[in-house]
Amino acid sequence: MFDFDATLPLMAVQFLLLAAVLNAVFYKPLSKAIDDRSEYIRTNEVEARERLAKAEALAKQYEEQLAVARREAQSVIVAAQEDAKKIAAQKNSEAVAEVQARLEQTRKEIDEQKQAAMTSLEQEVDALSRQILEKLLGPSLVNR
């Protein structure tokens, strides 16, 4: 059935030679390129994870700083509002005191004007009553 002459071993040698040449020329460089690419991907993946962890840590740190800044800003706002209320209350009390002082001064002026008017009115009433008496009784009886 089969004729085993020199062709079979020659074909075997050719096959092995082809396998060796393909291995040396094609498979090893291809395998090396695949291994290098896998190593590159693993390295980038590790670096990416490290960068992600670092970015998350920085984000957390910035959020904490932002929270602290917000609390400080809120406390500054509250302090400023309290100061504004104190200043407003002080200005209000000063205004009330000034109004009361002016009111008191105005009352005194009104009382003085009232006294002056009453004195002037009393003098006029005395003068008018003398004139009336003089006209009624005569000038000689009134001056006694």
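None of these values were measured; they are calculated from a predicted model.

Looking at the overall build of the chain
Within the chain, the secondary structure is distributed over 2 helices and 0 strands. Over its C-alpha trace the chain gives a radius of gyration of 59 Å, far above what one expects of a compact globule, namely 15 Å for 144 residues. In terms of overall dimensions, the chain has a C-alpha envelope of 190 × 25 × 25 Å along the principal axes. When the 144 residues of the chain are sorted by exposure, 1% land in the buried category.

Remarks on the UniProt feature "transmembrane region" (unreviewed entry) in the chain
Taking the UniProt record as the reference, the feature "transmembrane region" (unreviewed entry) is found at residues 6-27. As annotated, residues 6-27 comprises 95% helix and 0% strand, and the C-alpha atoms at either end are separated by 29 Å.

Details of the UniProt feature "coiled-coil region" (unreviewed entry) in the chain
UniProt records the feature "coiled-coil region" (unreviewed entry) at residues 45-131, using the numbering of this structure. The annotated region residues 45-131 carries 100% helix and 0% strand content, and the separation between its end C-alpha atoms amounts to 124 Å.

Quick look at the pattern of salt bridges
For the structure shown, the criterion picks out 4 salt bridges. Linking glutamate 45 and arginine 49 is a salt bridge whose minimum nitrogen-to-oxygen distance equals 2.7 Å. Here arginine 49 and glutamate 45 lie together in helix α1 (residues 7-137), a separation of 4 residues that amounts to about one turn.

Brief notes about a nonpolar patch on the surface
Residues Val13, Leu17, Leu18, Val21, Leu22, Val25, Phe26, Tyr27, Leu30 and Ile34 make up a contiguous nonpolar surface patch of roughly 930 Å² in combined accessible area. Following the sequence through the fold, leucine 18 ends up in helix α1. Of the residues examined, leucine 18 reaches a relative accessible area of 48% and is grouped as partly exposed.

With respect to a negative patch on the surface
A cluster of acidic side chains, namely Glu104, Glu109, Asp111 and Glu112, defines a negative patch on the protein surface. By secondary structure assignment, the location of aspartate 111 is in helix α1.

Some words on the packing of aromatic side chains
Counted according to the given criterion, the structure contains 1 aromatic pair. Relative to tyrosine 27, the ring of phenylalanine 26 has its centre 5.4 Å away and its plane inclined at 65°; by these criteria the two rings are edge-to-face.

A few points about the environment of glutamate 134
Along the chain, the position of glutamate 134 falls in helix α1. Put simply, glutamate 134 and tyrosine 40 are 94 residues apart on the chain and 136 Å apart in space, counted from C-alpha to C-alpha.

So, how was this worked out
- Residues numbered from 1 in each chain as written.
- Predicted model: local features only at pLDDT ≥ 70, side-chain atom pairs only at ≥ 80, totals over all residues.
- Heavy atoms only, no water.
- Helix = DSSP H or I, 4+ residues; strand = E, 2+ residues; numbered from the N terminus.
- Rg over C-alpha atoms; globule rule 2.2 N^0.38 Å.
- Buried < 20%, exposed > 50% of the residue type's maximum accessible area, 1.4 Å probe, protein only.
- UniProt positions renumbered as here; feature names shortened; annotations may be inferred.
- Salt bridge = Lys/Arg side-chain N within 4 Å of Asp/Glu carboxyl O.
- Patch = residues over 30% accessible without salt bridge, like charges linked within 9 Å, V, L, I, M, F, W, Y side chains within 5 Å.
- Areas by Shrake-Rupley, 256 points an atom, 1.4 Å probe, with all protein chains shown as cover.
- Lys, Arg positive; Asp, Glu negative; His and termini not counted.
- Charge placed at Lys NZ, Arg CZ, Asp CG, Glu CD.
- Phe/Tyr/Trp six-rings, centres within 6.5 Å; stacked < 30°, edge-to-face > 60°.

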